[in-house]
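Topology and contacts: notes
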Amino acid sequence: QVQLVESGGGLVQPGGSLRLSCAISGFTFNIDRMSWYRQAPGKERELVATLSITGTTNYVDSVKGRFTISRPTTKNTLYLQMNSLKPEDTAVYYCYIRTVEARTYWGQGTQVTVSS
């Protein structure tokens, strides 16, 4: 069974940094895409960053230059490095994977709160 477990969220002041981790376990031989989403209370879930099997990365405009999505070759962990955090980045962050067969998997989310 595929399992995604996020960690690294917490409370941080504006301008600070956090690094989110998503540990991936189970049968994930045919991953096509890995992404981070976020959802603030009362708002729709938003695609923040994505990493394709080709290595291409994409980011929502509001985080470009501040966030970096990556997956090291050493282990099955997806990261989201978040720098220069702003209050509007406050949300629950979810990791997501999609297989070439169009199966999708979600983590349970980790809370990120940016506040003074």
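Residues numbered from 1 in each chain as written. Predicted model: local features only at pLDDT ≥ 70, side-chain atom pairs only at ≥ 80, totals over all residues. Heavy atoms only, no water.

**Examining the state of the cysteines**
Per the stated rule, a full pass over the model turns up one disulfide. There is a disulfide in this structure between Cys22 and Cys95, and the S-S distance comes to 2.1 Å. Note on the Cys22 and Cys95 pair: the S-S dihedral is about 55°, so by sign convention the disulfide is right-handed. In this pair, Cys22 sits in strand E3 (residues 18–25) while Cys95 sits in strand E9 (residues 91–99), placing the two residues 73 residues apart along the sequence. (Disulfide = S-S within 2.5 Å. Helix = DSSP H or I, 4+ residues; strand = E, 2+ residues; numbered from the N terminus.)

**Details of the environment of Tyr93**
By secondary structure assignment, the location of Tyr93 is in strand E9. Judged by its relative accessible area of 0%, Tyr93 falls in the buried class. Residues Tyr93 and Leu47 lie 46 residues apart in sequence; the distance between their C-alpha atoms is 9.8 Å. Look past the residues within four positions of Tyr93 in its chain and what remains in contact with it is Glu6, Leu20, Trp36, Tyr37, Arg38, Val48, Phe67, Leu80, Met82, Gly109, Thr110 and Val112. A distance of 2.9 Å separates a polar atom in the side chain of Tyr93 from a polar atom in the side chain of Arg38. (Buried < 20%, exposed > 50% of the residue type's maximum accessible area, 1.4 Å probe, protein only. Contact = heavy atoms within 4.5 Å. Polar contact = N/O pair within 3.5 Å; in protein donor to acceptor, adjacent residues only side chain to side chain.)

**Quick look at the packing of aromatic side chains**
For any two aromatic rings, the description comes down to two numbers: the centre-to-centre distance and the angle of the planes. Applying the stated criterion to the full structure yields four aromatic pairs. With centroids separated by 5.4 Å and ring planes inclined at 70°, the aromatic side chains of Tyr37 and Tyr96 adopt a geometry described as edge-to-face. Residue Tyr37 is found in strand E4 (residues 31–39), and its partner Tyr96 is found in strand E9; the two are separated by 59 residues along the sequence. Comparing Tyr37 with Tyr96 shows no difference in burial state: the two are buried. Ring pairs connect the aromatic residues Tyr37, Tyr94, Tyr96 and Trp106, which therefore count as one cluster. The ring of Trp106 has Arg45 lying over it, and the distance from NZ or CZ to the ring centre is 4.7 Å. (Phe/Tyr/Trp six-rings, centres within 6.5 Å; stacked < 30°, edge-to-face > 60°. Lys NZ or Arg CZ within 6 Å of the ring centre and 35° of its normal.)

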